[in-house]
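Architecture at a glance
Given next are the chains, with one letter for each unit.
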Amino acid sequence: MKASMELKPDRDLLNPNFEGYKLSLDKQPIYTSNLENVLYAVELQDDQFSYHHAKLLGNHNHLMVDPWVRDNVYLVDKLWNVRHSLTTDTSVSVSPPVYRIPDADDRQLVPSHYAVRVHFLSADLVVIGDGAGRVHIIETGDRQTGNDVPWKTLLTKTIPGEGTPSLLVDGVYWIENEAHRVECILSHVTEATAEQKDKYESQYLTMIEWATFTSVDRKSWCLERTRQLLSRKPFHYVALGREGQSITIAGEADFVFTIDSEQPVVSDEEKEVEKPVIKPPDYTWYQTDEDVNVQFTVPEGVSNKDIYMTLTFNHVEFGVKNRAPELLVGDLCGEVDVEGSTWTMEGRRVDLYLIKKSSGPWPLVVKGDTRGEMVLNPEDVASIHERLAHLTSDQWNPCPEKAGNRPFNTQQLEECDMYPDDDSTLVRLHGNTHKVTHKAGLGSHQWLFNVSGPLNSSPQICLRHDVDGLLWEQEQGSGDMQFKHTSTFNAFGYVQASKQQRKFSLCPPDRSYVVICDNSRHLYLYRQAFTVSTPLRNRKTGQEVKVVAKQQVVALDTNDNILGVVANNERIYVTTLNKLFMVKISS
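We now turn to the structure provided with this report. Predicted model, so just to flag it, every value in this text is computed and none were measured.

**What about the pairing of strand β40 (residues 564–567)?**
- In β40, alternate side chains face the same way, and those of Gly 564 and Val 566 on one face and Val 565 and Ala 567 on the other are all buried.
- Of the pairings in the sheet, the one linking β40 to strand β41 (residues 571–575) comprises four bridges and is antiparallel in character. In the strand pairing of β41, Val 566 is matched with Tyr 573.
- If you look at the hairpin formed by β40 and β41, you'll find three residues sitting between the two strands.

Written out as structure tokens, the structure is:
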């Protein structure tokens with residue numbers, strides 16, 4: 001059964017009186033290191049022109065941070081050497097290679113391959129996707145000791161079997177019954193077949209590959225299972241459950257399982273055949289402690305003169321004259337106030353209001369009548385009856401000439417007339433049953449950015465709520481899942497919308513600031529409100545100001561494109577093709 005998730009903001013983390021950011025001219029120290037071998041950067045090819053390609057690859061971050069050693073920021077140079085930053089208070093440089101990706105010279109020749117991605121699974125284990133179809137599980141030694149040792153390849157595997165170029169998105173290491181497991185998520189864009197074009201109405205599709213590797217001794221690994229998910233639109237956010245049994249996806253269209261190497265996947269068409277026909281409810285109803293509200297949809301042409309009601313304190317007869325069956329008839333599940341009860345009609349919807357004589361929940365409206373459906377949210381009533389309206393007529397559209405009912409050809413519409421046909425959702429799918437277990441509608445909550453969470457936790461997602469950016473952390477346990485509001489970036493939704501040249505948005509682990517990175521040269525820091533040591537005074541109102549939120553602008557000494565950025569509590573690392581910058585965040 002699918003559970004509903006609610007993204008409920010924590011009011012204690014909201015600031016309705018936020019007055020804006022104050023521009024600060026404080027200098028941020030910047031340190032630079034030239035890259036001995038320039039960064040290996042992958043650009044979109046001529047055949048990668050779709051929205052799917054742009055979403056997955058257009059703003060790829062070529063810097064990767066080690067959550068176990070936050071000042072170790074990793075990059076891959078043009079020889080496919082993996083290196084990390086060496087940082088002091090007054091300098092930044094790049095380490096000698098700690099690993100070279102196998103068969104680098106040949107793998108770089110794979111057409112339209114994606115970027116190399118390093119994902120850190122534990123303090124001594126990483127997984128690398130070479131972007132050309134291979135995955136490497138690697139033992140690094142304990143990186144927390146600070147002693148760089150050559151990394152050792154434990155497994156090299158082509159994913160999927162045909163070696164399609166793909167991008168490593170997420171990875172999880174976990175232990176089950178003394179068996180070591182590594183779960184990897186890779187993604188690529190595929191051109192739709194003729195059958196898929198008719199089904200999904202899209203030339204390109206986004207594919208998610210879910211690979212499961214197992215080991216007994218943590219030395220010898222094998223590929224145990226592969227799964228695939230497909231969607232007609234790209235995703236905003238995708239993350240594996242830390243228990244390795246589920247996947248969470250946010251996007252504008254549903255992702256569905258298409259392949260599972262361990263068990264068959266039942267398609268939606270097959271489910272429809274197997275699923276018994278469920279009769280829609282004849283009416284809906286909801287209740288409070290004081291009343292019961294029952295809603296009906298009547299056929300076209302029925303007026304309020306055709307409605308009749310006979311009501312006593314415990315019995316009701318309610319219907320349309322000369323039409324059978326009655327809308328509602330029988331003994332009520334509680335006593336009602338006859339004088340206070342009534343009914344109204346608007347269009348084809350009829351509402352019956354029954355005032356309870358004593359508070360308490362009713363199991364049904366009429367004893368033994370299960371034709372109705374109780375709804376918990378009154379706002380759902382209108383949408384339900386809109387879907388039921390056609391069931392009260394012998395024809396789907398009995399009055400085509402009536403205003404608002406005329407059929408139309410969508411091919412006559414211009415592109416600017418189209419409305420999105422999908423609602424953005426955040427869903428969790430179970431890896432074994434292939435079913436959606438939790439779902440939340442994002443509605444107008446625009447996706448802003450993703451950021452890594454605490455150790456051994458899923459990435460966090462930042463969504464726009466009104467003008468603010470709210471950061472949500474995935475909580476899991478005992479089979480349930482909820483998203484918890486952990487931080488608020490005041491007015492960030494408004495701020496980000498104003499930055500037309502933005503390329504990256506992110507924040508540090510302590511969430512003390514959020515940074516927007518332009519395509520080149522500029523960083524915009526938005527420091528969250530903090531208490532100033534010396535109180536200030538507002539010049540206009542004379543009011544004493546004890547808390548200030550700052551905006552700071554950092555200009556880098558380069559005009560090259562920014563290809564990667566990492567934010568830590570005290571430092572920001574930025575890379576271009578041939579330079580690595582370290583910006584020290586002053587207090």
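**Topic: the sheet that holds strand β14 (residues 179–191)**
- One open sheet holds the five strands; their spatial order is β13-β14-β15-β16-β19, and the pairing between them is antiparallel. The open sheet terminates on both sides in strands that have one partner only, identified here as β13 (167–176) and β19 (256–260). Averaged over all pairs of adjacent strands, the angle between strand axes in this sheet comes to 25 degrees, irrespective of strand direction.

**Concerning the packing of aromatic side chains**
- One pass over the full model with this rule turns up 15 aromatic pairs.
- Relative to Phe 257, the ring of Trp 210 lies with its centre 6.5 Å away and its plane at 35 degrees, an arrangement referred to as tilted. Placement of Trp 210 in strand β15 (residues 204–215) and of Phe 257 in strand β19 is noted, with a sequence separation of 47 residues between them.
- Of the residues examined, Phe 257 reaches a relative accessible area of 7% and is grouped as buried.
- With a centroid separation of 6.4 Å and 65 degrees between ring planes, the pair formed by Phe 489 and Phe 492 is classed as edge-to-face. Pair check on accessibility: Phe 489 and Phe 492 agree, each one buried.

**Structural notes on the sheet that holds strand β26 (residues 349–356)**
- The strand order across the open sheet formed by five strands is β25-β26-β21-β20-β27, and the pairing between neighbours is mixed. Only two strands of the sheet have a single partner each, and these edge strands are β25 (336–346) and β27 (372–374). Within this sheet the neighbouring strands show an average axis-to-axis angle of 20 degrees, counted without direction.
- With seven bridges connecting them, β25 and β26 associate as antiparallel partners. Among the inter-strand pairings, Asp 337 is bridged to a residue of β26, identified as Ile 355.

Definitions and cut-offs
- Residues numbered from 1 in each chain as written.
- Predicted model: local features only at pLDDT ≥ 70, side-chain atom pairs only at ≥ 80, totals over all residues.
- Heavy atoms only, no water.
- Buried < 20%, exposed > 50% of the residue type's maximum accessible area, 1.4 Å probe, protein only.
- Helix = DSSP H or I, 4+ residues; strand = E, 2+ residues; numbered from the N terminus.
- Pairing = 2+ DSSP bridges.
- Axes fitted to C-alpha atoms, helices over the stretch in contact; angles between N-to-C directions.
- Phe/Tyr/Trp six-rings, centres within 6.5 Å; stacked < 30°, edge-to-face > 60°.

Read these as layout, nothing more, since geometry by itself doesn't imply function.
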